[in-house]
Every structure is written in C-alpha cells, then in structure tokens.
Amino acid sequence: MSYSVVKGTSYVLVHAPDMVLHNGTTQTMERDKNPESEYLKKLPNSLRSFDEAVNYLPNQVYIGNNKPEDLRKHPQPWVGKEVEGSSKDGKLGEIMPQDEFIGLIKIVDAFELVKLTKDFTKDVKKKLNNHPLVSDELVSKLKEGEEIDEIKKLIDEQGAEPVYMNNLVIGCIKRAHDVDVNLNAHVIFENLVSKASGVLAALHLLDKTDINPEDIEYVLECSEEACGDMNQRGGGNFAKAIAEVAGLLKASGSDIRGFCAAPTHAMISAASLVKAGTFKNVLIVSGGSTAKLGMNGKDHVKKELPILEDVIGGFAVLVSENDGTSPILRTDLVGRHTVGTGSSPQAVITSLVTEPLDRGGLKITDIDKYSVEMQNPDVTKPAGAGDVPNANYKMIAALGVKRGELERTALNDFIVEHGMEGWAPTQGHIPSGVPFVGFAKEDIESGKIKNAMIIGKGSLFLGRMTNQFDGVSIVMEKNPGVVEESKGVSEQEVRGLVAEAMRDFASHLLQG
C-alpha cells in the first residue's frame with residue numbers, strides 16, 4: 001500500500017494586542033454589558049509588548065526555534081522568563097508584529113473594504129517591502145491610503161469596524177452589505193484576519209518546502225471561521241481565497257469544518273485524496289481567530305498575569321505522493337469518535353486511540369508520541385481548566401494499564417516518554433494535534449522516533465445542533481523507503497506490447 005506523506009509544514013503567530021482590546025469576544029461582550037468594569041480598566045496595562053510575546057518559550061516552540069522537550073526543562077509557569085536566542089523568525093515560520101499584519105489584511109482584501117490612513121500605509125509599506133515573503137506585487141495592493149477624516153466618517157456613519165494601532169484609530173473595515181448581518185464589518189474583520197493569517201502560513205510553507213506552487217492541486221482550509229452571506233452563512237470558500245493570494249494558480253479547494261477537530265479531519269481527507277490518486281499535492285491551511293483573543297483574560301488579570309492569549313495562530317501542512325523518505329500517513333490506522341461512541345473520557349480515548357491501534361496489532365506503548373490538545377498550561381491553569389495535555393496523557397496511560405500493556409507504576413513514566421508539555425495558543429482548532437506535525441516529521445526522519453499519533457478533538461455541541469462530541473486521529477510513521485509502483489500500464493509499455501503481439505502474429509503467418 002503506497003501511503004501519502006507529510007512533505008512540509010509551517011507555523012505562524014501574529015501578536016495582536018489592539019485586537020485583544022477591541023475584537024476579542026470576552027472584551028467586546030464585557031464592553032457591551034459592563035463598560036466601566038475593573039477588568040476593562042486594568043486590561044490595557046496587562047498587554048505584552050511584541051518583544052515580550054517573542055521572548056516567550058511556548059511561542060518560540062510554536063515557530064520551531066525551540067523543541068517541545070525544551071518546555072520540560074523549565075518549570076511552569078513560563079511567563080516572564082527569558083528565552084535565550086529568541087527571535088521573531090523561526091525554523092517553521094514567524095511571529096509577525098501587529099502593524100505588518102494589518103498591512104497584510106489590506107493586501108488580502110479583494111473588495112476594497114479595508115481603509116488605512118496614509119501615514120500608517122506609508123510606514124507599513126517600508127516594513128513589508130523588507131519582508132522576504134511579501135512580493136512587490138502584494139505590497140502594491142496597499143496603495144496610498146486614506147485621509148483619517150474619511151475613515152472616521154465611515155466608522156461614525158456607516159458602521160465600519162475601527163482598526164487600532166497602539167489604541168489609536170489608523171483605519172477601518174467597511175461592512176460589505178447594509179442589512180446582511182453576515183457581511184457586517186465585525187464579521188468581515190474576523191474573516192479577513194483568518195484569511196490573512198492563513199495566507200501568511202501558506203507563504204511560509206512554500207518558502208520552507210521544495211514545492212513548485214503550480215504543483216499544488218487542491219487546498220483544504222480548516223479554521224473555525226465561516227464566510228458567506230444571508231443565503232449561505234457558511235458557504236465558504238477560504239481555501240480558494242487563500243490559494244489566490246498565495247499564488248497557487250493551479251489549485252482548487254474547499255473548507256473543512258469540525259470545530260477544534262477540523263485540522264485532523266483535514267489531514268485524513270488530504271491523505272486519502274492523495275493516496276487515491278485524485279491529487280498529487282494537497283495543502284492543508286488554517287488562519288486564526290480574533291474572537292478567541294483574551295478569551296481567558298479575566299482570570300489572567302485577576303491573578304495579575306499578562307494577557308497570554310494575545311496571538312493569532314496559523315499553520316499549513318503539505319500532503320504529497322509517497323517520495324520514499326517523508327513520514328507516511330497511515331490511513332488504515334484512523335480513529336473515529338462515532339455517533340454511538342459516547343462522551344465519557346474513556347469512551348473518547350478508546351475510540352480515538354486504542355481502536356485504530358487494535359486494527360494494526362499495536363499496543364498503546366508502540367506509539368512513540370501522542371499529540372492531543374496541545375494547549376499551553378500557562379493559559380489554561382489560571383482559568384481553572386488545568387493542564388489539558390497532561391489530563392489526556394493520564395487517560396491514555398490509564399487505558400494502557402487497564403489493557404495490561406503498562407504497569408501501574410509506569411504511568412508517570414509513560415506521560416513523560418510518550419507525552420509533551422503543551423505550547424499552542426488557545427485558538428480553538430490550532431492546539432488540536434497539528435502543532436506537533438512539524439516536529440514529528442523532523443524527529444521521524446532523523447530516527448529520534450518511529451511514529452506519532454495526531455489526535456483532534458472537537459465540541460460539536462457549540463453549534464447547538466447536536467450534543468455530540470467529536471474527534472479523529474491518524475498515525476504518522478517512518479517511511480519504509482519503498483514506493484509502490486503504479487498498477488497501471490504506461491503508454492510506452494502498451495506500444496511495446498502491441499509491437500510484440502504484431503511480431504508474433506507476423507511470425508505465425510510466415511510459419512503458415
């Protein structure tokens with residue numbers, strides 16, 4: 001069986017403190033309900049600078065400058081501690097400052113909905129001209145900018161969403177329709193942020209992977225946003241919108257939605273499409289969410305911590321035909337939380353972990369690393385949610401003990417050997433399995449590990465259509481180095497066979 005492979009990955013973060021203040025759902029709701037709250041008064045002084053966000057170990061891990069195992073070398077919490085050699089530029093991506101990202105939002109705007117002041121535009125042009133992945137053609141889309149009076153008029157009279165930098169209005173995003181709530185300025189803002197961060201991830205993947213952009217045939221976008229109008233609220237298509245800006249001229253695409261589990265759903269779909277021969281190269285991509293910025297901010301401020309949910313996340317994964325070296329995706333070892341599974345933690349982990357392993361004749365201890373909900377405990381612990389990755393590893397280990405595959409006394413050792421500390425920002429879908437894919441690729445290719453299970457879990461009940469939980473998993477594994485030859489016959493082989501048959505026939509006639 002010739003499996004598809006993980007050919008490349010990228011991971012990006014965007015530091016967005018003003019968007020925490022003005023666009024995060026926790027803050028916008030608080031401002032509507034209790035505009036004079038102590039939380040809102042303290043919030044501006046609780047925001048990190050760009051340098052502080054860069055010099056934060058989990059963020060450095062996310063973009064590949066540090067490895068997941070480095071987290072365990074430093075006691076929690078990691079906030080406020082220096083990281084030696086930190087950089088905004090990473091092995092797997094970058095941490096982009098807010099002003100450059102606002103410029104990128106303007107660049108990806110296809111309908112002239114984003115208006116930025118002339119002064120801001122002039123300054124951000126200089127910065128983006130120096131960005132190695134932003135072409136002159138893309139920078140030219142910034143144009144010259146607008147007068148501030150015109151921008152304020154759009155905000156005051158036409159419901160435009162203000163765009164802030166250092167808490168000053170430097171632009172706005174217009175509504176795309178005067179009555180359609182699905183195209184109001186707030187929703188357009190959210191969608192453009194998701195698109196722009198997805199484009200940034202796609203550009204980094206192209207830069208870090210030996211792939212011709214025209215060889216990417218299909219894009220699967222798997223964020224938690226949904227774009228459409230009043231007649232099809234989540235119709236899409238982010239995938240093709242991102243592909244257009246990233247220069248994937250030969251690609252089509254579509255969106256996959258599954259709340260937090262969507263990225264792993266996308267990995268399974270991409271692996272299956274490539275293995276089936278439908279496409280040779282499928283790009284999985286996702287931008288992040290402004291809604292989740294500062295989501296647990298009240299708890300952080302109450303405990304005198306900075307706002308740690310101040311970054312927008314994005315990632316991309318390239319799934320390609322088997323090249324004999326890149327890690328394979330075992331589409332025969334896929335876990336599924338089915339309708340009949342149930343929602344207890346044991347039932348969920350059984351369906352996602354042990355059931356696919358049983359099909360492959362594997363034990364829990366045969367998987368070197370599990371990547372499950374890699375949420376940063378610096379964020380979740382102060383909010384009362386505990387250490388999410390650790391809780392998942394305890395459940396997997398407990399199942400191992402129950403199945404007789406692990407001694408009870410080895411439970412903690414299992415968590416250390418087969419688990420990891422969490423490092424991903426709480427951007428919903430971003431932590432769910434995929435942050436480790438880039439590291440897994442590197443570790444498998446170097447021989448450090450032989451396999452990893454990527455697990456995505458989601459909460460379908462958030463949409464109020466079902467009480468169902470959701471989850472899927474897939475195993476990444478060392479490539480055996482043998483690529484299955486095509487079962488078909490080439491045109492040259494057909495011609496040879498016909499020629500041979502004609503010679504045989506002629507020989508038979510001569511003998512007659």
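Whatever comes next refers back to the structure up there.
What to know about the environment of methionine 453
Mapped onto the elements of the fold, methionine 453 is located in strand 12 (residues 451–458). Taking the relative accessible area as the measure of exposure, methionine 453 reaches 0% and is therefore buried. Setting aside anything within four residues of it in sequence, one finds methionine 453 in contact with Leu352, Val353, Pro356, Leu357, Ile367, Lys369, Tyr370, Ser371, Ser473, Ile474 and Val475.

Description of the sheet that holds strand 4 (residues 161–165)
Strands sit in the order 3-5-4 across an open sheet of 3 strands; the sheet is antiparallel. Edge strands, defined here as strands with exactly one partner in the open sheet, are strand 3 (114–116) and strand 4. With direction set aside, neighbouring strand axes in the sheet form an average angle of 35°. Pairing of strand 4 with strand 5 (residues 168–173), which is carried by 5 bridges, proceeds in the antiparallel orientation. From the neighbouring strand, proline 162 faces strand 5, where its bridge partner is cysteine 172.

Quick notes on helix 18 (residues 411–418)
Every buried residue of helix 18 is listed here: Phe414, Ile415 and His418. Taken around the axis of helix 18, the buried residues stretch over an arc of 100°, which confines them to a single face. Exposed side of helix 18, more than 90 degrees from the buried face: Asn412 and Glu417 are the residues found there. Looking at the buried positions of helix 18, the neighbouring elements they touch are helix 6 (68–72), strand 11 (369–372) and helix 17 (388–402).

Some points on the environment of glutamate 69
Along the chain, the position of glutamate 69 falls in helix 6. Residues glutamate 69 and glutamate 421, spaced 352 residues apart in sequence, show a C-alpha to C-alpha distance of 7.6 Å. A distance of 2.2 Å separates polar atoms of two side chains, one belonging to glutamate 69 and the other to lysine 448.

Some thoughts on helix 2 (residues 25–33)
Every buried residue of helix 2 is listed here: Thr26, Gln27, Thr28 and Glu30. Where helix 2 is buried, its residues meet helix 1 (17–23), helix 3 (38–42) and helix 14 (297–302).

Details of the pattern of salt bridges
It is possible for side chains of opposite charge to pair when their charged atoms get near one another. Taken as a whole and assessed by the stated rule, the structure comprises 28 salt bridges. Measuring nitrogen to oxygen at the nearest pair gives 2.8 Å for the salt bridge that ties arginine 48 to aspartate 310. Here aspartate 310 lies in the loop between helix 14 and strand 9 (311–320) and arginine 48 lies in the loop between helix 3 and helix 4 (50–54), a separation of 262 residues in the sequence. Put simply, lysine 115 and glutamate 146 hold a salt bridge, and the shortest N to O gap is 3.9 Å. Of this pair, lysine 115 sits in strand 3 while glutamate 146 sits in the loop between helix 9 (136–139) and helix 10 (148–158); the two residues are 31 residues apart in sequence, bridging distant segments of the chain.

What about the nonpolar core?
Ranked by internal contacts, the top residues of the largest apolar core, which has 75 residues, are Val353 and Tyr370. No other element matches helix 13 (residues 262–275), which puts 7 residues into this core. Contact partners of tyrosine 370, with chain neighbours within four places excluded, come to Val353, Leu357, Ile364, Tyr393, Ile396, Phe414, His418, Met420, Met453 and Ile455. Counting residues in hydrophobic clusters, the runner-up holds 62 residues, among them Leu192, Ala239, Val245 and Ile307.

Focus on the packing of aromatic side chains
The geometry of an aromatic ring pair is captured by the separation of the ring centres together with the interplanar angle, meaning the angle of the planes. All told, the structure shown has 4 aromatic pairs when counted by the stated rule. Aromatic pair tryptophan 423 and phenylalanine 439: ring centres 5.9 Å apart, planes at 85°, arrangement edge-to-face. In this pair, tryptophan 423 sits in the loop between helix 18 and helix 19 (437–446) while phenylalanine 439 sits in helix 19, placing the two residues 16 residues apart along the sequence. The class of tryptophan 423 is buried, set by a relative accessible area of 1%. Residue class for phenylalanine 439 comes out buried when judged on its relative accessible area of 3%. Its guanidinium or amino end placed over the ring of tyrosine 56, arginine 48 lies 4.6 Å from that ring's centre, counting from NZ or CZ.

Structural notes on the state of the cysteines
Applying the stated criterion to the full structure yields 0 disulfides. In this structure cysteine 222 is a free cysteine whose sulfur lies 12 Å from that of cysteine 260, the closest cysteine sulfur available.

Looking at the side chain of lysine 292
Checked against the element boundaries, lysine 292 lands in the loop between strand 8 (281–286) and helix 14. A polar contact is formed between the side chain of lysine 292 and the side chain of glutamate 224, at a distance of 2.8 Å.

Things to note about the packing of helix 11 (residues 185–208) against helix 12 (residues 238–246)
Between helix 11 and helix 12, the shortest axis-to-axis distance is 9 Å and the interhelical angle comes to 50°. Of the possible angle classes, the one that applies to helix 11 and helix 12 is oblique. The handedness of the crossing between helix 11 and helix 12 is right-handed. Here Asn191, Ser194, Lys195, Gly198, Val199, Ala202, Leu203 and Leu206 of helix 11 lie close against helix 12, whose contacting residues are Phe238, Ala241, Ile242, Val245 and Ala246.

So, the side chain of serine 432
With respect to the secondary-structure elements, serine 432 resides in the loop between helix 18 and helix 19. A polar side-chain atom of serine 432 sits 3.2 Å from the main-chain carbonyl oxygen of cysteine 260. When near neighbours in sequence (up to four residues on either side) are disregarded, serine 432 contacts Cys260, Ala261, Thr264, Glu373, Ile455, Gly456 and Lys457.

Describing the environment of glycine 428
With respect to the secondary-structure elements, glycine 428 resides in the loop between helix 18 and helix 19. Separated by 54 residues in the primary sequence, glycine 428 and methionine 374 have C-alpha atoms spaced 11 Å apart. Once residues within four sequence positions are removed from consideration, glycine 428 is found in contact with Glu224, Cys260 and Lys292.

So, how was this worked out
Residues numbered from 1 in each chain as written. Predicted model: local features only at pLDDT ≥ 70, side-chain atom pairs only at ≥ 80, totals over all residues. Heavy atoms only, no water. Helix = DSSP H or I, 4+ residues; strand = E, 2+ residues; numbered from the N terminus. Buried < 20%, exposed > 50% of the residue type's maximum accessible area, 1.4 Å probe, protein only. Contact = heavy atoms within 4.5 Å. Pairing = 2+ DSSP bridges. Axes fitted to C-alpha atoms, helices over the stretch in contact; angles between N-to-C directions. Arc of directions from axis to C-beta. Polar contact = N/O pair within 3.5 Å; in protein donor to acceptor, adjacent residues only side chain to side chain. Salt bridge = Lys/Arg side-chain N within 4 Å of Asp/Glu carboxyl O. Core = buried A, V, L, I, M, F, W, Y, C linked by side-chain atoms within 4.5 Å. Phe/Tyr/Trp six-rings, centres within 6.5 Å; stacked < 30°, edge-to-face > 60°. Lys NZ or Arg CZ within 6 Å of the ring centre and 35° of its normal. Disulfide = S-S within 2.5 Å. Parallel < 35°, antiparallel > 145°, perpendicular 65-115°, else oblique. Left-handed = near helix turned anticlockwise from the far one by under 90°.

Function cannot be inferred from these measures alone, as they are strictly geometric.
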